[in-house]
Amino acid sequence: MADQNNSYDFDAAAYTALGTPRERVALPAATFDGTVNLPVMHQAVKAQLANMRQGTHSTKTRGFVVGGNQKPWKQKGTGRARQGSTRAPHFVGGGTVFGPRPRDYDQKVPRQIKALARKSAFNARAREQALFVVDRFDYQKPNTATLVQLLARLELTHQKVLILTDGAKTNVYLSGRNIPNVVVQPYSDASTYDLLWSDVVLVESGAIGETLAPVAEKAQERITVKRAASSKGADAATEKAAAKKEKQAAVKKTAAKAAAKTAATKAPAKAAAKKAPAKKAAAKTAAPAAKAPAKKAAAKKAAPKKKEK
């Protein structure tokens, strides 16, 4: 489980406080010797998480619930099971059996195990090339924008970043306090849990005993940083968009069906409307033809007969 190999020579990528790349820096062999002890790290993290618990949870047994002093009904003659109190656990509003009680969750870890776990966490991040060195954080005043631009140039915008400074630096802490998933603290205060929580660790060079000479930097263009949507918000937005698309598709389908049905009902009416003028025209042409013989017959009857001489 423990991987101990003293042949590791770790180095890390180095940058200025504005994000300009520098030459790689060799990490001190006293700390970064390749030791990664998983059981020890597990023990240290488990103890720290346990020590963070307040242990104030509490429930009431039947002796602490108010009421229930009187016998709910007499012992015999009711046909029901005998009961002595309405605060027994099987009654609604009764006590809780074996519920949580206030307790202390503190776990003590030997000092040497803590040190070994912290060392293992640093080596684990160095192995993954997830440890960067920054020459110097020299903030004259809190400036969140400067720190955001540094993370953007290192492509660490939406990752969990642990920034370890050389001693307590209030301005750097205040600059990163409002950035999501960024923790700023002194190098000496970093715990195993903090190191394993982070995806990337930024260490100030003075914290590991390195002194980097200042580098002349040119003015760099500002990088636009987009906020990352939370997973819950993204899922909700995706579901809403899918539901909206389904609703629009259903509306279109219903409209198409209604249009087809309307067209089907209008088609016979149109055909009948087209036939009606033709019938009227035929009737008009047929009417004079029928009236002409009738007129001739009427004229013959009405004509007087010539007298014979």
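A few points on the structure. (Residues numbered from 1 in each chain as written. Predicted model: local features only at pLDDT ≥ 70, side-chain atom pairs only at ≥ 80, totals over all residues. Heavy atoms only, no water.)

1. Things to note about the packing of aromatic side chains
For any pair of aromatic rings, the description consists of the separation of the ring centres together with the inter-plane angle of the planes.
Next up, step 1: On inspection of all chains with the given rule, the structure shows four aromatic pairs.
Next up, step 2: Considering the side-chain rings of Tyr-15 and Phe-132, the 5.8 Å spacing of their centres and the 70° angle between planes classify their relative orientation as edge-to-face. Residue Tyr-15 is located in strand 2 (residues 11-15), and its partner Phe-132 is located in strand 5 (residues 131-134); the two are separated by 117 residues in the primary sequence. Each member of the pair Tyr-15 and Phe-132 is classed as buried.
Next up, step 3: Residues Phe-32 and Phe-122 carry aromatic rings whose centres are separated by 5.8 Å and whose planes lie at 75° to one another, so their mutual orientation is edge-to-face. Taken together, the positions of Phe-32 in the loop between strand 3 (21-26) and strand 4 (36-37) and Phe-122 in helix 2 (residues 111-127) put the pair 90 residues apart, joining distant regions of the chain.
Next up, step 4: Among the residues examined, Phe-122 registers a relative accessible area of 1% and is labelled buried.
Next up, step 5: Here the aromatic residues Phe-32, Phe-122 and Tyr-187 are joined through ring pairs into a cluster of three or more.
Next up, step 6: Over the aromatic face of Tyr-105 sits the side chain of Arg-103, whose NZ or CZ is 3.9 Å from the ring centroid.
Next up, step 7: Directly above the ring of Tyr-187 sits Arg-118, whose terminal nitrogen or CZ lies 5.1 Å from the centroid. (Phe/Tyr/Trp six-rings, centres within 6.5 Å; stacked < 30°, edge-to-face > 60°. Helix = DSSP H or I, 4+ residues; strand = E, 2+ residues; numbered from the N terminus. Buried < 20%, exposed > 50% of the residue type's maximum accessible area, 1.4 Å probe, protein only. Lys NZ or Arg CZ within 6 Å of the ring centre and 35° of its normal.)

2. Details of helix 2
Next up, step 1: The first and last C-alpha atoms of helix 2 sit 24 Å apart over 17 residues, in line with the 24 Å expected at 1.5 Å per residue.
Next up, step 2: Residues of helix 2 that are buried include every one of Ala-117, Ser-120, Ala-121, Phe-122, Asn-123, Ala-124, Arg-125 and Ala-126, and no others.
Next up, step 3: Contact partners of the buried residues in helix 2: strand 4, helix 1 (38-51), strand 5, strand 6 (161-165), helix 5 (192-197) and strand 8 (200-204).
Next up, step 4: The first or second residue beyond helix 2 is Gln-129, which carries a positive phi of 55°. (Expected span 1.5 Å × (residues − 1). Contact = heavy atoms within 4.5 Å.)

3. Side note on the pattern of salt bridges
Next up, step 1: Following the criterion strictly, the structure yields six salt bridges and no others.
Next up, step 2: Between Arg-136 and Asp-138 there is a salt bridge, with the nearest N and O atoms lying 4.0 Å from each other.
Next up, step 3: Residue Asp-138 is classed as partly exposed on the basis of its relative accessible area, which comes to 43%.
Next up, step 4: When the shortest N-O distance is used, the salt bridge between Glu-204 and Lys-169 registers 2.6 Å. One end of the pair, Glu-204, is in strand 8; the other, Lys-169, is in the loop between strand 6 and helix 4 (170-176), and 35 residues separate them in sequence. (Salt bridge = Lys/Arg side-chain N within 4 Å of Asp/Glu carboxyl O.)

4. So, the layout of surface pockets
Next up, step 1: Of the voids in this model, the largest pocket is the one considered here, and its volume is about 470 Å³.
Next up, step 2: Lining the largest pocket are 19 residues, with Thr-157, Ile-179, Pro-180, Val-225 and Arg-227 positioned closest to its centre.
Next up, step 3: In terms of residue count, the dominant contributor to the lining of the largest pocket is helix 3 (residues 144-153) (six residues).
Next up, step 4: For the lining of the largest pocket, the class distribution of residues is nine nonpolar, seven polar and three charged.
Next up, step 5: Roughly 250 Å³ of volume is contained in the second largest pocket.
Next up, step 6: Lining of the second largest pocket is provided by 16 residues; of these, Asp-135, Arg-136, Ser-205, Leu-212 and Pro-214 occupy positions nearest its centre.
Next up, step 7: Within the lining of the second largest pocket, the residues separate by chemical class into five nonpolar, four polar and seven charged. (1 Å grid on protein atoms, 1.4 Å probe; cavity = no way out; pocket = protein on both sides within 12 Å on 5 of 7 lines; lining within 4 Å. Points joined across faces, edges and corners; volume = space filled by probe spheres on them. Nonpolar A, V, L, I, M, F, W, Y, C, P; charged D, E, K, R; others polar.)

5. Brief notes about the pairing of strand 5
Next up, step 1: Burial of the side chains of strand 5 extends over both faces: Leu-131 and Val-133 are buried on one face and Phe-132 and Val-134 on the other.
Next up, step 2: Bridge count for strand 2 against strand 5 is two bridges, and the pairing is parallel. Pairing of Ala-14 across the sheet is with Val-133, part of strand 5.
Next up, step 3: Sheet topology places strand 5 next to strand 8; four bridges connect them, and they run parallel. Across the sheet, Phe-132 pairs through a bridge with Leu-202, a residue of strand 8. (Pairing = 2+ DSSP bridges.)

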